[in-house]
Amino acid sequence: MAIMRVNPTRMELKRLKNRLKTAERGHKLLKDKTDEMVRQFIIYANRNRRLRKELERELGDAMKNFVLARAVMSPCQAEEALVYPSRTVTLDCDKKSVMSVMVPSIKVSGGDGALYPYGFLSVTDEMDSSIATLNTLLVKLIELAEVEKTTNMLADEIEKNKRRVNALEHVMIPQLRETIKYIVLKLEENERGSLVRLMKVKDMIAERQ
């Protein structure tokens, strides 16, 4: 590990020791933060997988019912039944902090209005069932989007933190330790040299006397 280019002085030694202490403390904090972020990531990833499985299953059922309804209805009847939305919702988009990562927070409100935008005589039971299922899935779809985005953002932040931890652990901290060791050896060498010179001066004075 290459040492840093510094002057081997006591002041520089003190500064580097303080810097090493800060780097070691920051390394521990970053490592602890990364571990907790990984735990949060696993929670959100499991939630994301569960929501996705539920949505895929329920969307599959809704699409099956829709296909059955289209099989017995004319294209014009199906288009007329679905041309107008029956309900409207309001999304309140905000942000929240998860381990200092600002992730989206979406709240759904509203949902007023008639569930079925058509007369019951012109459509089949399968179409009713498909519309009802899709209506209940709207909130889950929005929740899935929020959870999936949060999971991706946590994954990105974990990767950044790991790079910082590795840089501190394998580059900065070892470099500081090697530089401190070099300065200590250099100071000890200077002290020995000064002691030798002092002893020579003392011997010279003693000889003259």
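The preceding data block contains the structure.
Just so you know, these numbers come straight off a predicted model, no measurement behind them.

A. Layout of the overall build of the protein. If you tally the helices and strands in the protein, you get three helices and two strands. If you list the helices and strands of the protein from N to C, you get α-α-β-β-α. Expressed as a percentage of the 209 residues in the protein, the buried residues total 28%. Here the contacts in the protein between residues at least 6 apart in sequence split such that 79% fall between residues at least 24 apart. Summed over all atoms, the accessible surface of the protein reaches about 14500 Å², with 56% contributed by carbon and sulfur.

B. Layout of the pattern of salt bridges. Under the criterion given, the structure shown has 13 salt bridges. For Arg-15, the salt bridge goes to Glu-12, with nearest N and O atoms at 2.4 Å. In this pair, Arg-15 and Glu-12 are both assigned in helix 1 (residues 10–72), three residues apart and thus about one turn of the helix distant. Using a relative accessible area of 16% as the deciding quantity, one classes Glu-12 as buried. Of the charged contacts, one joins Glu-54 and Arg-50 as a salt bridge, the two residues approaching to 3.5 Å between their closest N and O atoms. Here Glu-54 and its partner Arg-50 are both found in helix 1, four residues apart, which amounts to about one turn of the helix.

C. Structural view of the environment of Ile-142. In this fold, Ile-142 is placed in helix 3 (residues 125–208). With 35 residues separating them in the primary sequence, Ile-142 and Lys-107 have C-alpha atoms 8.6 Å apart.

D. Main features of a nonpolar patch on the surface. Taken together, Val-89, Leu-91, Val-108, Leu-138 and Val-139 make up a surface patch of nonpolar side chains, about 350 Å² in accessible area. For Leu-138, the position within the fold is in helix 3.

E. Layout of the nonpolar core. With 14 residues, the main nonpolar core has Leu-16, Leu-176 and Ile-183 as its most contacted residues. Mapped onto this core, the elements with two or more residues apiece are helix 1 and helix 3. Counting residues per element, this core draws most heavily on helix 3, at seven residues. The contacts of Ile-183, once residues within four sequence positions are left out, are Val-6, Asn-7, Pro-8, Thr-9, Glu-12, Leu-13 and Leu-16. Core analysis: the second largest hydrophobic core is formed by twelve residues, Met-37, Tyr-44, Val-101 and Ile-158 among them.

F. View of the side chain of Asn-48. Summarising the element assignment, Asn-48 is placed in helix 1. For Asn-48, a relative accessible area of 14% gives the class buried. Leave out the neighbours within four places in its chain, and Asn-48 touches Leu-144, Val-147, Glu-148 and Thr-151.

G. Quick look at unusual backbone geometry. Positive phi is not limited to glycine here, since Met-99 has a value of about 55°. For Met-99, the position within the fold is in the loop between strand 1 (88–98) and strand 2 (101–112). Owing to a relative accessible area of 28%, Met-99 belongs among the partly exposed residues under this scheme. We note that Ser-100 has phi near 70°; this positive angle belongs to a residue other than glycine.

Calculation rules
Residues numbered from 1 in each chain as written. Predicted model: local features only at pLDDT ≥ 70, side-chain atom pairs only at ≥ 80, totals over all residues. Heavy atoms only, no water. Helix = DSSP H or I, 4+ residues; strand = E, 2+ residues; numbered from the N terminus. Buried < 20%, exposed > 50% of the residue type's maximum accessible area, 1.4 Å probe, protein only. Contact = heavy atoms within 4.5 Å. Areas by Shrake-Rupley, 256 points an atom, 1.4 Å probe, with all protein chains shown as cover. Salt bridge = Lys/Arg side-chain N within 4 Å of Asp/Glu carboxyl O. Patch = residues over 30% accessible without salt bridge, like charges linked within 9 Å, V, L, I, M, F, W, Y side chains within 5 Å. Core = buried A, V, L, I, M, F, W, Y, C linked by side-chain atoms within 4.5 Å.

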